[in-house]
Amino acid sequence: MFTSEKGVVEEWLSEFKTLPETSLPSYATNLKDKNSLVSSLYKVIQEPQSELLEPVCHQLFEFYRSGEEQLLRFTLQFLPELIWCYLAVSASRNVHSSGCIEALLLGVYNLEIVDKQGHSKVLSFTIPSLSKPSVYHEPSSIGSMALTESALSQHGLSKVVYSGPHPQREMLTAQNRFEVLTFLLLCYNAALTYMPSVSLQSLCQICSRICVCGYPRQHVRKYKGISSRVPVSSGFMVQMLTGIYFAFYNGEWDLAQKALDDIIYRAQLELYPEPLLVANAIQASLPHGAMKSSKEGTRCIQVEITPTSSRISRNAVTSMSIRGHRWKRHEQPDNNNDTTELGILVIPEISVTNVAGERTGNGEKGRTLGEIDAQHIQGVQETTTDPRTESKGLPEIRRQKSEIQN
């Protein structure tokens, strides 16, 4: 660590101690624009033997419990790097050098599992139903499955998953380590839209390192440092995939693609079904080309949404449209008297509705237009049902005309 970077961190430590409480909001707003400070803090965290690591962790915890939203997010951006440093030190069995990092992680965890009144939080998640539209699908495009889901949802069978209450922890052990770290990643993912690009880059890099350290792929990735395997849990990998999925569409395509491949590699070795399911679903939904989204622009995942309004065909079939269609065909010129397909006849000379001024025979005045049309349609059907009469369809209909008129 250079002397200039060390000076930036020391100035930051002394500045916050003398800061009055009234100027805390303006200080928190300007803090996120200090890129040199952020890069210097990353270097302090990456050096477990640094003398500045303990005061930095203490001040980051003070930021988190201050109640100021901007200061809380400032601490959260370093969470992936803190998790990696703790796991790396734990894998090397040098627990004493990670005491301040462990204290910071435990402090953030114990603050997040309770509300402002000190009561334990219970988080609830409603599993979306396929019968209800969302930004990802329309029920009408699913077919019969949507009808089944709709019938189930009407009976109040929507499934709600609860998380919590989580117990407070005084220290991290091998039994509760990934329970705490998984919950911390869940808190980090809840604030992903506020994380800067350097934090997303750190997330992708630590996910790759956690998954390949101690395995043959570590030599392919050329990761130096620890060579022992870092144990992971299935839920922890799913939370890593959530952040990586966001990084894909927010300017970190290459790093996110590498991290996704490494997570699939590790999940296959560990035979974890949940990370494999989520990772393969993400991989299948990715576009073929790299996303070139702006890092300073609006961060979102673009999806195509079909219109929700019902579409009514302009060519709806009605009795008037059928009658008008028959009139148009009667008025067409006799260009082709042959029948090309069974049941499709061109009849230019017949008019059973007395349009051309034909004289109606005795006894036909009381017959309605609907009865005459019905007989006409029945005559066409009787003529075209037998394939042998295909070439004789026109003379048969003409004989029917003469019978009607006589």
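Conventions we followed
Residue positions within a chain follow its written sequence, with the count starting from 1. For a predicted model such as this one, the threshold for reporting local features is a pLDDT of at least 70, and the threshold for listing and counting side-chain atom pairs is 80 or more; totals across whole chains, interfaces and linings nevertheless cover every residue. The side-chain values count all of the structure's non-hydrogen atoms but skip hydrogen atoms and water molecules. A run of DSSP states H or I qualifies as a helix once it reaches four residues; a run of E qualifies as a strand once it reaches two. Both are numbered from the N-terminal end. Using a 1.4 Å probe on the protein chains alone, a residue whose accessible area is under 20% of its type maximum counts as buried, one over 50% counts as exposed, and one in between counts as partly exposed. Contact criterion: two residues are considered in contact whenever any of their non-hydrogen atoms come within 4.5 Å of each other. Exposure was quantified through the Shrake-Rupley algorithm and a 1.4 Å probe, taking into account, for residues, occlusion by the shown protein chains and nothing else. Confidence of the prediction at every residue is given by pLDDT, a number between 0 and 100. Only the stretch in contact is used when a helix axis is fitted, and all axes are lines through C-alpha atoms; the angle between N-to-C directions ranges over 0 to 180 degrees. Any angle from 65 to 115 degrees is called roughly perpendicular, while one under 35 is roughly parallel, one over 145 is roughly antiparallel, and all others are oblique. Here is the rule for handedness: rotate from the far helix to the near one, and if that takes an anticlockwise turn smaller than a right angle the crossing is left-handed, while a clockwise turn gives right-handed. Basically, the charged four are Asp, Glu, Lys and Arg, the nonpolar ten are Ala, Val, Leu, Ile, Met, Phe, Trp, Tyr, Cys and Pro, and anything else, Gly included, counts as polar. N or O atoms within 3.5 Å of each other form a polar contact, as long as, within protein, one can give a hydrogen and the other can take it, and as long as residues adjacent in sequence are counted only when both atoms are side-chain atoms. Whether two aromatic rings pair depends on their centres lying within 6.5 Å, for rings of Phe, Tyr and Trp, where Trp uses its six-membered ring; planes under 30 degrees apart make the pair stacked, over 60 edge-to-face, and the rest tilted. Nonpolar cores were defined as sets of buried Ala, Val, Leu, Ile, Met, Phe, Trp, Tyr and Cys residues, with membership established by side-chain atoms within 4.5 Å. Like charges within 9 Å and nonpolar side chains (Val, Leu, Ile, Met, Phe, Trp, Tyr) within 5 Å are joined into patches, using only residues over 30% in relative accessible area that form no salt bridge. Every case where a carboxyl oxygen of Asp or Glu lies within 4 Å of a side-chain nitrogen of Lys or Arg is listed as a salt bridge. Take the residue count of a helix, subtract one, and multiply by 1.5 Å to get its expected span.

Okay, the overall build of the protein chain next. Across its full length, the protein chain holds 17 helices and two strands. Taken over 406 residues, the protein chain has a buried fraction of 37%. Long-range contacts, defined as pairs at least 24 residues apart, comprise 70% of the intrachain contacts of the protein chain with a sequence gap of at least 6. About 24,700 Å² of surface is accessible on the protein chain, with carbon and sulfur atoms providing 53% of the total.

With that out of the way, let us pick up the environment of V122. Structurally, V122 is set in the loop between α7 (99-112) and β1 (123-126). Here V122 falls in the partly exposed class, since its relative accessible area comes to 48%. Along the chain, V122 and G164 lie 42 residues apart, while their C-alpha atoms are 4.6 Å from each other. Residue contacts for V122: discarding those within four places in its chain leaves Y162, S163, G164 and P165.

This part takes up the environment of P55. Relative to the assigned elements, P55 resides in helix α4 (residues 53-64). Taking C-alpha positions, P55 is 8.7 Å from C100, a pair spaced 45 residues apart along the chain.

For the protein chain, mean pLDDT is 75; residues scoring 70 or higher make up 64% of the total. Counting interchain partners and residues more than four positions distant, the pLDDT-below-50 stretch residues 308-314 has one contact. Predicted confidence for residues 396-406 stays below pLDDT 50, and this span has 16 contacts to residues more than four positions away or in other chains.

A separate point is the packing of helix α6 (residues 79-91) against α7. Where α6 meets α7, the axes come as close as 10 Å, and the angle between the chain directions of the two elements is 130°. Taken together, the axis directions place α6 and α7 in an arrangement best described as oblique. For the crossing formed where α6 meets α7, the hand is left-handed. Across the interface between the two elements, L79, L82, I83, C85 and Y86 from α6 touch I101, E102, L104 and L105 from α7. Residue composition of the contact of α6 with α7, by class: eight nonpolar, no polar and one charged.

With respect to the secondary-structure elements, N250 resides in the loop between α12 (234-248) and α13 (253-270). One polar contact links the side chain of N250 to the main-chain carbonyl oxygen of F246, over a distance of 2.6 Å.

All chains considered together, the criterion is met by 13 aromatic pairs. On the basis of an interplanar angle of 75° and a centroid distance of 4.7 Å, the ring pair of F16 and F63 is categorised as edge-to-face. With F16 in helix α1 (residues 3-17) and F63 in helix α4, this pair connects stretches of sequence that are 47 residues apart. On the basis of an interplanar angle of 65° and a centroid distance of 5.8 Å, the ring pair of F63 and F74 is categorised as edge-to-face. Highlighted residues: F63 in helix α4 and F74 in helix α5 (residues 69-76), separated in sequence by 11 residues. Residue F63 shares its accessibility class with F74, and that shared class is buried.

Here we take up the nonpolar core. Residues W12, F74 and F236 are the most contacted members of the largest nonpolar core, which totals 91 residues. The leading source of residues in this core is α6, at nine residues. Once residues lying within four places of it in the same chain are set aside, the contact partners of F74 are W12, L31, L37, V38, L41, L60 and F63.

A grouping of V122, V160 and Y162 is seen on the molecular surface, where their side chains present a nonpolar patch of about 290 Å² in accessible area. Summarising the element assignment, V160 is placed in strand β2 (residues 160-163). Given a relative accessible area of 34%, V160 falls into the partly exposed group.

Let's shift gears to α6. Helical geometry: 3.6 residues make up each α-helical turn, so side chains three or four residues apart lie on a common side. Given a rise of 1.5 Å per residue, 13 residues ought to cover 18 Å, and the 18 Å separating the end C-alpha atoms of α6 matches this to within 8%. Within α6, 13 of the 13 residues are buried, which leaves the element mostly enclosed by the surrounding structure. Looking one or two residues past α6, R93 carries a phi angle of roughly 60°, positive in sign.

Turning to the packing of α12 against helix α14 (residues 273-285), a few remarks are in order. Between two packed helices, the angle of one axis relative to the other and the distance separating the axes together describe the packing. In the contact formed by α12 and α14, the axes pass within 8 Å of each other and the chain directions differ by 15°. By the angle between their axes, α12 is roughly parallel relative to α14. Judged by the twist between their axes, the crossing of α12 over α14 is left-handed. Contacts from S234, M237, V238, L241, Y245 and F248 of α12 reach α14 at E274, P275, V278, A279, I282 and S285. Class assignment for the residues of the contact of α12 with α14 results in nine nonpolar, two polar and one charged.

For the rest of this paragraph, the subject is the pattern of salt bridges. Evaluated as defined, the whole model comprises nine salt bridges. A salt bridge links E62 to R65, with the shortest nitrogen-to-oxygen separation between them at 2.9 Å. Owing to a relative accessible area of 21%, E62 belongs among the partly exposed residues under this scheme. R169 is the salt-bridge partner of E179, the closest N and O atoms lying 2.9 Å from each other. Placement of the pair is E179 in helix α9 (residues 177-190) and R169 in the loop between β2 and α9, with a sequence separation of 10 residues. For E179, a relative accessible area of 33% gives the class partly exposed. Residue classification places R169 among the partly exposed residues on the basis of a relative accessible area of 23%. Salt bridges sharing partners connect three or more residues here, namely R217, R221 and D262.

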